[in-house]
Amino acid sequence: MKYDVAIVGAGIVGLSVAYNLLNQNPDLKIIIFEKEDKVATHQTGHNSGVIHSGIYYKPGSEKANNCKKGYNLLLDFCKEHNIHNEICGKIIVATSNDEEKKLMDIYNRGIQNGLEGLQLLNLKELKEREPYVSGTKGIFVPQAGIIDYKEVANKLLEITKVKGAHFIFNSKVIGLKTNDSFYEIKTENNEIITAKFIVNCAGLYADKVAKMDMVDLKYKIIPFRGEYYLLKDKSSYLVKNLIYPVPDPSFPFLGVHFTRRINGKVDAGPNAVLAFKREGYTKTDINLKEFLESITYVGFLKIALKYWKVGCYEMYRSFSKKAFLKSLQKLIPEISSQDIEIGESGVRAQLCDKNGNLVDDFLIKHHNNAIHVVNAPSPAATSSLNIGKEISEKVLQAI
């Protein structure tokens, strides 16, 4: 059977593309390839579950635009399908004069991005919202919330299946070949499927799938593992909602923070360390070929030289509960070693170029009859329904 559109990857972005395509044209024949046995197995299923407000992102950037639009689409989707979520708000906390200056930059960026109701807080006001927090000044961001993105992904799966989308699980794509006006997609199971158009939403392997399409890609995905501790149930009173530090503007990670999940559990973290395989969720997950690809890439070597002090500390903190605890105590001094236990980990697909620049914004490339979502870090889950909407519009124009 020949399909109109083939989607590689059944994470929340790939599912959103299928959902939006079928909403706009129910007659489309769509096939989705997923190398695992279910949807949302990797980045979608291992993220923090935060509904992001868009306060951090450069005004006019793809992240800022997609987050704002995607936020509203996500909340509408949840309301329509009774998906539990909570807009609880979050605080961003400065702990020094230097951080206060950066905090004001974030506040002003939030205003530029159209966020309403932002509040500057002094220490007394911070403690009214989070009694155990320590800081000199803060921002309350009312738009931030929590959700289980796996629940969203499974609802998208259910809807797209009803509308006729065909899923092939346990089916890793290993080759793409253009043939006249269609693609031939080859899987590791020796299946060969044809489609007029390809949408690559392969997450941690998006760069590799793009290169199968002969895309001249001057980037590589480097996997960074984020390791979390979990507040024990007896200590969850220390955090009411979401507590974030002021991030380092030169580094594309938000720093160690506290996140109440929709199930009531509280995550503390993450750090950011190089993963030894693209889907390396533990310290012992190693793929020698992928590890060597990462550490021999000229862009990574330049990153390592640029951030070697930060990288060394992150590695040290990965193995030292005492060091991790010290980072947590910067925001909540009262927290102790007895309050935390090892939690889950996630892996971020961090795109970098040959010059050692970490690509911070979304990067989506259109090549032949294919669209490649090469870089979709946080807030991709929050933004997913709008990313899918914009991609689907481009696909429909092309076919």
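Residues numbered from 1 in each chain as written. Predicted model: local features only at pLDDT ≥ 70, side-chain atom pairs only at ≥ 80, totals over all residues. Heavy atoms only, no water.

Engineer: Describe the pairing of strand β20 (residues 370-375), with residues and values.
Structural biologist: Taking burial as the measure, the six residues of β20 include six buried ones, the bulk of the element. With three bridges connecting them, strand β12 (residues 192-200) and β20 associate as parallel partners. Its bridge partner being in β20, Val199 is matched across the sheet by Ile371. Connecting the antiparallel pair strand β19 (residues 363-367) and β20 is a turn made up of two residues, with Asn368 showing a positive phi of about 50°. (Buried < 20%, exposed > 50% of the residue type's maximum accessible area, 1.4 Å probe, protein only. Helix = DSSP H or I, 4+ residues; strand = E, 2+ residues; numbered from the N terminus. Pairing = 2+ DSSP bridges.)

Engineer: Just give me the short version of the sheet that holds strand β4 (residues 85-86), but keep the residues and values in it.
Structural biologist: Ordered by their spatial adjacency, three strands build an open sheet running β3-β8-β4, and the pairing between neighbours is antiparallel. Two strands close off the open sheet at either side, each with one partner strand: β3 (50-51) and β4.

Engineer: Explain the pairing of strand β11 (residues 182-187) residue by residue, including any values.
Structural biologist: In this structure, strand β10 (residues 173-179) lies alongside β11, joined through six bridges in antiparallel fashion. Residue pairing in the sheet places Lys177 in a bridge with Glu184 of β11. Counting the residues in the hairpin turn of β10 and β11 gives two residues, including Asp180, whose phi is positive at 60°. As defined by bridge partners, β11 adjoins β12 across four bridges and the pair is classed as antiparallel. Among the inter-strand pairings, Tyr183 is bridged to a residue of β12, identified as Ala195. Hairpin connection of β11 to β12: four residues between the antiparallel strands, including Asn190 at a positive phi of 65°.

Engineer: Quick rundown of the packing of aromatic side chains? Include the residues and the values.
Structural biologist: Summed over the entire model, instances satisfying the criterion amount to seven aromatic pairs. Here Phe276 and Phe291 contribute two aromatic rings whose centre-to-centre distance is 5.1 Å and whose plane-to-plane angle is 75°, an arrangement assigned as edge-to-face. Taken as a pair, Phe276 in the loop between β17 (273-274) and α7 (288-295) and Phe291 in helix α7 lie far apart in primary sequence, 15 residues in all. A relative accessible area of 21% places Phe291 in the partly exposed class. We note Lys90 situated over the ring of Tyr244; from NZ or CZ to the ring centre the distance is 3.9 Å. Its guanidinium or amino end placed over the ring of Phe319, Lys283 lies 5.3 Å from that ring's centre, counting from NZ or CZ. (Phe/Tyr/Trp six-rings, centres within 6.5 Å; stacked < 30°, edge-to-face > 60°. Lys NZ or Arg CZ within 6 Å of the ring centre and 35° of its normal.)

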